[in-house]
Structure formats: structure tokens, C-alpha cells
Amino acid sequence: MSFMWNVEILIIALVVVRISQWLYRWSNPNVRCNGKLPPGSMGFPIIGETIEYFKPCELLEIPSFFQNRMQRSDSNVISEIFRQENQSFELSYPDVFVRVFGKDNLFFQTRNIHKHIRKSTMQLIGSEGLKRKMIQSMNQATREQLKWKASEGTFDLRDAVSSLIASYLTPKLISNLKPETQAELIDHFKAFNIDWFRSPFAPFTWKIIYKVLKARREAMQLIKEALKKRKESREKHGDFLDTLLEDMEKEDSIYDEASVINLLLIIGVVSKSIVSDTTSVATALMVNLLSKNPKVLAELKREHGAILQKRKDKEAELSWEEYKYNMTFTNMVINESLRLSNLGSILFRKALKDVEIKGELFMGTIFLPTGYTIPAGWIVGVAPSVVHYNSEIYENPLEFNPWRWEGKDLRSVTKTLMVFGGGTRQCVGADFARLQMTVFLYHLVTTYDFVVVQECEMTRTPLPCFTKDLLINISPTL
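Values in this document were obtained by computation on a predicted structure and should not be read as measured data.

Brief notes about the packing of helix α13 (residues 294-310) against helix α15 (residues 328-341)
Turning to step 1, where the next piece is worked out: The contact between α13 and α15 brings their axes to 8 Å, and the two run at 140°. With respect to each other, α13 and α15 are oriented oblique. Crossing hand, α13 versus α15: left-handed. Residues Val-296, Glu-299, Leu-300, Glu-303 and His-304 of α13 pack against Thr-328, Phe-329, Thr-330 and Val-333 of α15.
Turning to step 2, where the next piece is worked out: Partitioned by chemical class, the residues of the contact of α13 with α15 number 4 nonpolar, 3 polar and 2 charged.

Brief notes about the UniProt feature "binding site: heme" (unreviewed entry) in the protein
Turning to step 1, where the next piece is worked out: When the UniProt feature table is mapped onto this chain numbering, "binding site: heme" (unreviewed entry) sits at Cys-427.
Turning to step 2, where the next piece is worked out: Secondary-structure assignment places Cys-427 in the loop between α16 (385-388) and α17 (430-447).

Remarks on the side chain of Ser-175
Turning to step 1, where the next piece is worked out: For Ser-175, the location among the structural elements is in the loop between α8 (157-173) and α9 (179-190).
Turning to step 2, where the next piece is worked out: Ser-175 sits in the buried class, given a relative accessible area of 16%.
Turning to step 3, where the next piece is worked out: Among residues more than four places away in sequence, those in contact with Ser-175 are Arg-230, His-237 and Asp-239.

A word on empty space enclosed by the protein
Turning to step 1, where the next piece is worked out: Inspection of every chain in the model, using the stated rule, returns 2 cavities of 30 Å³ or more.
Turning to step 2, where the next piece is worked out: Of the voids in this model, the second largest cavity is the one considered here, and its volume is about 30 Å³.
Turning to step 3, where the next piece is worked out: Taken together, Thr-170, Leu-173, Ile-174, Leu-185, Phe-189, Ile-223 and Leu-264 make up the lining of the second largest cavity.
Turning to step 4, where the next piece is worked out: Among the residues forming the lining of the second largest cavity, the class breakdown is 6 nonpolar, 1 polar and no charged.

Some points on the nonpolar core
Turning to step 1, where the next piece is worked out: Among the nonpolar cores identified, the biggest contains 116 residues, and Met-134, Tyr-168, Ile-174, Val-333 and Phe-432 are the most heavily contacted of them.
Turning to step 2, where the next piece is worked out: Broken down by element, the residue count for this core peaks at 17 residues, all from helix α12 (residues 257-292).

Some details on unusual backbone geometry
Turning to step 1, where the next piece is worked out: A positive phi is found at Arg-234, a non-glycine position, where the angle reads about 60°.
Turning to step 2, where the next piece is worked out: Tracing the chain through its elements places Arg-234 in the loop between α10 (205-233) and α11 (240-248).
Turning to step 3, where the next piece is worked out: The backbone phi angle of Asn-396 is positive, close to 50°, even though this residue is not glycine.
Turning to step 4, where the next piece is worked out: Note on Asn-396: relative accessible area 45%, which makes it partly exposed.

A look at the sheet that holds strand β12 (residues 464-468)
Strands in a sheet are paired, the pairing made by backbone hydrogen bonds, and the direction either parallel or antiparallel.
Turning to step 1, where the next piece is worked out: Reading across the sheet, the 3 strands line up as β1-β11-β12 and stay open at both edges, with antiparallel pairing between neighbours. Looking at which strands have only one partner, the edges of the open sheet turn out to be β1 (57-58) and β12.
Turning to step 2, where the next piece is worked out: Sheet topology note: the β1/strand β11 (residues 457-460) ladder contains 2 bridges and is antiparallel. Each bridged residue has a counterpart across the sheet, and for Cys-57 the counterpart in β11 is Arg-460.

With respect to the sheet that holds strand β13 (residues 471-476)
Turning to step 1, where the next piece is worked out: Read across the open sheet, the 3 strands follow the order β3-β13-β10; overall the sheet is antiparallel. With one partner strand each, in any of the chains shown, β3 (155-156) and β10 (448-454) form the two edges of the open sheet.
Turning to step 2, where the next piece is worked out: By the bridge criterion, 6 bridges tie β10 to β13 in an arrangement that is antiparallel. Opposite Asp-449, over in β13, you have Ser-475 as the bridge partner.

A few points about the packing of helix α7 (residues 127-152) against α8
Turning to step 1, where the next piece is worked out: Interaxial distance between α7 and α8 falls to 10 Å at its minimum, and their mutual angle equals 140°. Looking at the two axes, α7 sits oblique to α8. The element α7 and its partner α8 pack so that their crossing is right-handed. Between α7 and α8, the residues in contact are Lys-133, Met-134, Ser-137, Met-138, Ala-141, Thr-142, Gln-145 and Lys-149 and Ala-160, Ser-163, Leu-164, Ser-167, Tyr-168, Leu-169 and Lys-172, respectively.
Turning to step 2, where the next piece is worked out: Classifying every residue of the contact of α7 with α8 by side-chain character gives 7 nonpolar, 5 polar and 3 charged.

Let's talk about the packing of aromatic side chains
Turning to step 1, where the next piece is worked out: Evaluated as defined, the whole model comprises 4 aromatic pairs.
Turning to step 2, where the next piece is worked out: When the centroid spacing of 5.4 Å and the interplanar angle of 55° are considered together, the rings of Trp-320 and Tyr-323 count as tilted. Taken together, the positions of Trp-320 and Tyr-323, both in helix α14 (residues 320-325) and 3 residues apart, correspond to about one turn of that helix.
Turning to step 3, where the next piece is worked out: Among the residues examined, Trp-320 registers a relative accessible area of 12% and is labelled buried.

Brief notes about the pairing of β13
Turning to step 1, where the next piece is worked out: Across 2 bridges, β3 lies against β13 in antiparallel orientation. Pairing of Phe-155 across the sheet is with Ile-472, part of β13.

Things to note about the pattern of salt bridges
Turning to step 1, where the next piece is worked out: The full count for this structure, using the stated rule, is 16 salt bridges.
Turning to step 2, where the next piece is worked out: Residue Arg-230 is joined to Asp-239 by a salt bridge in which the shortest nitrogen-to-oxygen separation is 2.9 Å.
Turning to step 3, where the next piece is worked out: Among the salt bridges present, the one from Arg-404 reaches Glu-336, with a minimum N-O distance of 2.9 Å. Of the two residues, Arg-404 sits in the loop between α16 and α17 while Glu-336 sits in helix α15, which places them 68 residues apart along the sequence. With respect to class, Arg-404 is no different from Glu-336; both count as buried.
Turning to step 4, where the next piece is worked out: Three or more residues are tied together by salt bridges with common partners; here these are Arg-230, Asp-239 and Asp-242.

Each value, and the rule that gives it
- Residues numbered from 1 in each chain as written.
- Predicted model: local features only at pLDDT ≥ 70, side-chain atom pairs only at ≥ 80, totals over all residues.
- Heavy atoms only, no water.
- Axes fitted to C-alpha atoms, helices over the stretch in contact; angles between N-to-C directions.
- Helix = DSSP H or I, 4+ residues; strand = E, 2+ residues; numbered from the N terminus.
- Parallel < 35°, antiparallel > 145°, perpendicular 65-115°, else oblique.
- Left-handed = near helix turned anticlockwise from the far one by under 90°.
- Contact = heavy atoms within 4.5 Å.
- Nonpolar A, V, L, I, M, F, W, Y, C, P; charged D, E, K, R; others polar.
- UniProt positions renumbered as here; feature names shortened; annotations may be inferred.
- Buried < 20%, exposed > 50% of the residue type's maximum accessible area, 1.4 Å probe, protein only.
- 1 Å grid on protein atoms, 1.4 Å probe; cavity = no way out; pocket = protein on both sides within 12 Å on 5 of 7 lines; lining within 4 Å.
- Points joined across faces, edges and corners; volume = space filled by probe spheres on them.
- Core = buried A, V, L, I, M, F, W, Y, C linked by side-chain atoms within 4.5 Å.
- Pairing = 2+ DSSP bridges.
- Phe/Tyr/Trp six-rings, centres within 6.5 Å; stacked < 30°, edge-to-face > 60°.
- Salt bridge = Lys/Arg side-chain N within 4 Å of Asp/Glu carboxyl O.

Given below as C-alpha cells:
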């Protein structure tokens with residue numbers, strides 16, 4: 001009895017020692033670092049500071065998670081982190097993204113593979129693809145959607161914009177699908193909305209993730225069947241599937257059948273749940289702001305009216321040339337709407353090697369004096385949102401003022417406007433989002449009058465989410 005008791009005491013003591021060692025190493029990571037870590041806390045064991053990270057806040061404020069960690073924001077350093085892509089840092093995603101799409105998905109690859117994928121994708125939603133094919137589809141879909149909504153009565157603007165983007169973008173990925181198959185594929189893509197990127201402690205989160213995984217499995221099956229039929233028929237339809245099949249048949253191709261299916265899935269998800277949803281959020285916020293600022297709306301109508309006056313064919317759609325060269329104020333409105341919507345609130349980069357901090361530096365959300373090291377493998381949270389709301393950069397940063405962009409470069413990524421990220425991994429949908437917002441504005445202000453019935457209310461957790469929809473009525477301009 002005494003012997004067994006001694007053994008039990010020994011086992012308990014060993015367990016306590018091991019747990020104590022683990023807790024010490026967790027709370028004192030400097031013991032594993034070749035340099036000196038920046039000041040901060042590892043948070044509670046295992047969950048870290050997840051609860052604070054997902055704590056909701058108002059739309060037009062910096063989340064408390066960032067506020068508590070920053071002493072000042074330095075747009076130069078954030079820009080430098082993006083510039084050092086694939087040198088000192090590489091893109092990193094939260095584990096939930098990797099688990100949903102698969103760690104072997106080409107989209108998560110870096111360096112030369114990513115460059116090849118980006119080149120292929122840009123044929124679809126890059127500037128040339130937008131100019132040659134997409135702007136015509138945008139015009140037609142937007143015009144028809146607004147005409148239908150005018151006869152319908154009150155409608156949710158965000159949902160309407162999201163649906164119209166899906167209606168013309170999905171066939172650009174895979175065309176010649178049966179209508180019911182295309183609708184089913186769009187529904188699977190819709191399951192990947194940003195609601196699944198919420199706190200893991202929220203009771204509905206895991207239910208949503210289960211639905212996402214189920215949608216992924218069923219969407220991949222539909223894409224696999226479409227790929228098989230296309231390979232057997234050898235028909236050309238001018239869609240993105242054709243582009244990938246042509247690449248797959250090249251001698252030095254990085255694609256096989258599995259990677260093509262995965263890439264089509266993730267581009268479909270990105271186009272629907274990231275490009276489409278974020279564009280619809282920014283559009284809803286923009287229209288809501290316009291309804292409160294009649295001076296801005298009047299100037300917008302004046303600019304678009306001038307475009308109509310210059311046309312020989314009054315029935316013609318918005319052209320690429322008009323978009324590029326005759327919409328200065330429209331771009332000012334879009335820049336200001338994107339800045340306030342702040343869709344890219346936090347981006348993640350992983351250190352590829354120990355990065356020594358020389359001089360004063362603002363690394364993501366932490367102010368770092370001289371002599372600190374970011375260890376290889378650690379994740380840096382880059383927070384452009386602290387730049388977009390910085391009063392030292394923007395006078396009255398929470399005010400909607402498109403004229404603040406007057407005389408500035410309106411389309412390039414700058415150190416003070418990083419809504420779409422930066423570096424080699426800048427969002428490939430940036431040009432697409434800007435064009436769609438422009439086309440929507442053009443058709444809305446030249447053809448309709450609108451009234452906001454219910455203003456949209458948004459919070460951040462930390463991604464923006466609606467607590468109330470933007471409900472509007474539109475009627476043909478007299």
C-alpha cells in the first residue's frame with residue numbers, strides 16, 4: 001500500500017513538474033529566442049489572447065486588441081513588410097483557412113508557384129481581362145439587377161450587389177453548366193461567407209465551419225465532373241477552365257487534375273465570399289454615406305452627367321476609356337469609402353528567418369525599440385486599419401470627405417491606403433472591386449433616385465459584419 005502510494009505521489013509530482021515547465025516556457029518564450037523578444041504577453045495558455053482579438057467594436061474605430069498594443073502607427077514599416085515578401089516574411093493564414101482549403105492547395109504556396117497562379121488569375125480579373133470581357137458583363141448584370149429591384153420595392157443593397165456579382169462571375173470560371181448546376185455551385189460558394197471567420201468560442205462558429213466543409217466537398221465534386229466533361233469534349237468556351245486546361249497540357253506545367261479542381265474551388269470562393277462580399281459591403285457603406293452627404297452625391301451626378309453629354313450614342317454602356325479617364329471624383333468617392341470600410345483590418349505574415357529590429361520600428365501592432373528580434377516562424381499581425389484611421393495622416397479621419405483625395409494618385413496602392421494589402425500578395429481582386437463599385441455607381445446615379453429606408457449598422461469582430469442591412473428603394477429618374 002505504502003509502495004503504491006509513493007508511486008502515485010511520484011507520478012503526480014512528475015506531471016506537476018512537466019506542466020510547470022510547459023507553463024514557464026509558454027509565458028517566457030525568450031528562453032527559445034536567439035535575441036530579445038519585443039514586449040508583450042503570450043496570453044492565457046493555449047487560447048492566448050483570442051477572446052480579446054474577436055471582441056466586437058464599432059465600425060469607425062480601431063479594435064481594442066490593436067489599441068492596447070500600439071503606441072504609434074508607421075505606414076512606412078507596414079509597407080516595408082509587404083515589400084519584403086518572400087525575403088524576410090511570407091504570407092500566413094490562420095489555421096482554420098488552411099484546414100478548410102487543404103494545406104496542399106496551390107493557393108497557399110509561395111514564391112514562383114504563387115507568381116504563376118497570379119498570372120493565370122489576372123487573365124480573369126486583372127486589368128486586361130476586365131477591359132476585354134468583364135466590364136461588358138458588369139454593365140449588363142448591373143443594369144438588369146437595378147431594373148428588377150426598381151420594380152420589386154424595398155431591397156437589401158448588400159445582398160443585391162453580392163448576387164449580381166455571382167451571376168456573371170461564376171460563368172467566367174466555368175461556363176456551359178446547366179442552370180441548376182450553376183445555381184448549386186453558386187450556393188456552395190456562398191457558404192464560404194466571412195461569417196465562418198468568427199471567434200471559435202461563439203456557439204454558431206463550428207456549425208458554420210461544418211457547413212463550409214460540406215459545401216467544399218460538394219463543390220469539388222461538381223467541378224470535377226465539369227472538368228471531366230470538358231477534357232472529353234475538347235470544346236473551347238473561353239472561360240477560366242479553358243485557361244487552366246491549356247496550362248495543364250504544357251510540358252512544364254505546375255498543374256494536375258487535383259490542383260486545377262482545388263484552384264477553381266478557391267478562386268470561386270474568393271470571387272464570391274471575399275471579392276463579392278467585401279465589394280458588396282463597401283458598396284453598401286458607400287451608398288449609405290452618399291445618402292447622408294447630398295453635396296457629394298450632387299458632384300457625383302454632375303461628373304456622370306458630363307460623361308453622358310459627351311457621348312454620341314446616348315444608349316451606350318459605360319466604356320473602359322470613360323472609366324479610366326473621366327471619373328476623377330468617382331475614384332475619390334471610392335477611395336474614401338474603401339478607407340472607411342477598412343476591409344483588410346489585419347493581415348498575417350510569417351517571419352522566414354530571425355528578423356532583427358534595428359532602430360525604432362512599428363511591427364504590425366507593436367511598437368519596437370532598438371534591439372529586438374522577431375524569431376523565425378513567428379506570425380506578425382500587420383494592421384493597415386491603424387493607418388486608415390490615423391489622425392496624423394488623415395485630418396478628421398472618421399469624416400467622409402472624398403475631397404481629401406484631390407490631386408492624389410487614386411488607383412495605386414500607397415503607404416497610407418492598403419485596403420487590398422500590398423506587396424506581391426496584394427489582393428488580385430483589387431481592380432475588379434474598384435470597377436464593380438464604379439459601374440454600380442454609374443447606373444445608380446444616372447438612371448435612378450434612391451432613398452435609404454433602413455441604414456446599415458456594422459461592427460468589427462475584427463472583420464466588418466452587418467447587424468442591420470441597408471434597405472433602399474430606387475425609382476427611375478424623371
